[in-house]
Amino acid sequence: AQTVTQSQPEMSVQEAETVTLSCTYDTSENNYYLFWYKQPPSRQMILVIRQEAYKQQNATENRFSVNFQKAAKSFSLKISDSQLGDTAMYFCAFMMWGWAGTASKLTFGTGTRLQVTL
Amino acid sequence: NAGVTQTPKFQVLKTGQSMTLQCAQDMNHEYMSWYRQDPGMGLRLIHYSVGAGITDQGEVPNGYNVSRSTTEDFPLRLLSAAPSQTSVYFCASSPDRRATANEKLFFGSGTQLSVL
């Protein structure tokens, strides 16, 4: 079974600064995907960024980037130029690569609550 | 587009009562799933479906039933509610039955359930 660990329950960052959220996972699989989801106070789950395990290049989406270390099973999220709207709960998630006809399932970490302050 | 619609948004039940949480999507998605979110535990998969007539158990299926008679709807039934089922419930869908990273998971806005 896969496990995802987020060891930082809460973090705070000042507006315009950079913050890094940590995530580690455990799996014996070689092919999988990793995700970061954002959950603002509205409760909506929003996909921030995703990474395919077979890709060595780290994924980036505007101000969001990841540091994917496959051997260390680490998947951290870096938010640059933090904005007040980034205040939210952030979840790291793991999904095995699924064969045709089977369903892949997301395994979530416990989340990190990020507060962006003025 | 409506996307994934969950009803109700809030519900209070007494122990032993039954109810159905509704989930509907209008995107013709094959894959649908239910998660529960508890403080300090992240989201956990309850049940999922890869198409009409096909359902399977997730990580925490006990106490919940599902059915998928149409592509659009995936209701979650609590036959006899217990306080341990107090949680926020999310429905999610994806175009691909495998729900791979090639296709984004679309989440509903959640149902907050309290069982007294």
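Please read all numbers here as calculations on a predicted model, not as lab measurements. (Residues numbered from 1 in each chain as written. Chains lettered and ligands numbered in written order. Predicted model: local features only at pLDDT ≥ 70, side-chain atom pairs only at ≥ 80, totals over all residues. Heavy atoms only, no water.)

Participant: So what's going on with the overall build of chain B? Which residues, and what values?
Facilitator: In terms of regular secondary structure, chain B is built from zero helices and 11 strands. A globule of 116 residues ought to have a C-alpha radius of gyration of about 13 Å, and chain B, at 13 Å, matches this closely. Within chain B, the fraction of its 116 residues that count as buried is 50%. Residue pairs at least 24 apart in sequence account for 55% of intrachain contacts in chain B once pairs closer than 6 positions are excluded. With the model as given, the accessible surface of chain B reaches about 5,100 Å², and the carbon-plus-sulfur share is 48%. The positive charge centre, built from 9 side chains, and the negative charge centre, built from 9, are 7 Å apart in chain B. (Helix = DSSP H or I, 4+ residues; strand = E, 2+ residues; numbered from the N terminus. Rg over C-alpha atoms; globule rule 2.2 N^0.38 Å. Buried < 20%, exposed > 50% of the residue type's maximum accessible area, 1.4 Å probe, protein only. Contact = heavy atoms within 4.5 Å. Areas by Shrake-Rupley, 256 points an atom, 1.4 Å probe, with all protein chains shown as cover. Lys, Arg positive; Asp, Glu negative; His and termini not counted. Charge placed at Lys NZ, Arg CZ, Asp CG, Glu CD.)

Participant: I'd like a description of the pairing of strand E6 (residues 54-57) of chain B, backed by residues and values.
Facilitator: Residue and element names in this part refer to chain B. Of the strand pairs in this sheet, strand E5 (residues 42-51) and E6 are connected by three bridges, and their pairing is antiparallel. From the neighbouring strand, Tyr-48 faces E6, where its bridge partner is Asp-56. Turn length for the E5-E6 hairpin, with the two strands adjacent in sequence and antiparallel, is two residues, and the turn residue Gly-53 shows positive phi of about 85°. (Pairing = 2+ DSSP bridges.)

Participant: Any details on the layout of surface pockets? Residues and values, ideally.
Facilitator: By volume, the largest pocket amounts to about 380 Å³. Around the largest pocket sit 19 residues that line it, and Gln-39, Met-89, Phe-91 and Arg-113 of chain A together with Gln-37 of chain B are the ones nearest its centre. Of all elements in the fold, only strand E10 (88-96) and strand E12 (112-117) of chain A together with strand E4 (31-38) of chain B reach the threshold of two or more residues within the lining of the largest pocket. Residue composition of the lining of the largest pocket, by class: nine nonpolar, seven polar and three charged. (1 Å grid on protein atoms, 1.4 Å probe; cavity = no way out; pocket = protein on both sides within 12 Å on 5 of 7 lines; lining within 4 Å. Points joined across faces, edges and corners; volume = space filled by probe spheres on them. Nonpolar A, V, L, I, M, F, W, Y, C, P; charged D, E, K, R; others polar.)

Participant: Go over the nonpolar core, please, and point to the residues and values.
Facilitator: Core analysis: the largest hydrophobic core is formed by 25 residues, its most contacted members being Tyr-25, Trp-36, Phe-75, Leu-77 and Tyr-90 of chain A. When residues of this core are assigned to their parent elements, the largest contribution, four residues, is made by E10 of chain A. Ignoring any residue separated from it by four or fewer positions in sequence, one finds Tyr-90 of chain A in contact with Gln-6, Leu-21, Trp-36, Tyr-37, Lys-38, Val-48, Phe-64, Leu-77, Ile-79, Gly-111, Thr-112 and Leu-114 of chain A. Phe-35 and Met-89 of chain A together with Tyr-31 and Leu-45 of chain B belong to the second-largest nonpolar core, a separate cluster that totals 22 residues. (Core = buried A, V, L, I, M, F, W, Y, C linked by side-chain atoms within 4.5 Å.)

Participant: Describe the environment of Glu-29 of chain A, listing the residues and the values that go with them.
Facilitator: All names here are of chain A. Of note, Glu-29 is situated in the loop between strand E4 (24-26) and strand E5 (32-39). Spatially, the C-alpha atom of Glu-29 lies 38 Å from that of Ala-16, the residues being 13 residues apart in sequence. For Glu-29, the contacting residues outside a window of four places in its chain are Gln-2 and Met-96.

Participant: Could you give me a rundown of the packing of aromatic side chains, with the residues and numbers involved?
Facilitator: Residue and element names in this part refer to chain A. In this structure the tally under the stated criterion is 14 aromatic pairs over all chains. The interplanar angle of 65° and the centroid separation of 5.4 Å between the aromatic rings of Tyr-25 and Tyr-32 together place this pair among those described as edge-to-face. Overall, Tyr-25 belongs to the buried group, its relative accessible area being 5%. Given the relative accessible area of 3%, Tyr-32 is considered buried. Ring centres of Phe-91 and Phe-108 lie 6.2 Å apart, and the angle between their planes is 90°; this geometry places the pair in the edge-to-face category. Separated by 17 residues along the polypeptide, Phe-91 in strand E10 and Phe-108 in strand E11 (residues 106-108) bring together distant segments of the chain. (Phe/Tyr/Trp six-rings, centres within 6.5 Å; stacked < 30°, edge-to-face > 60°.)

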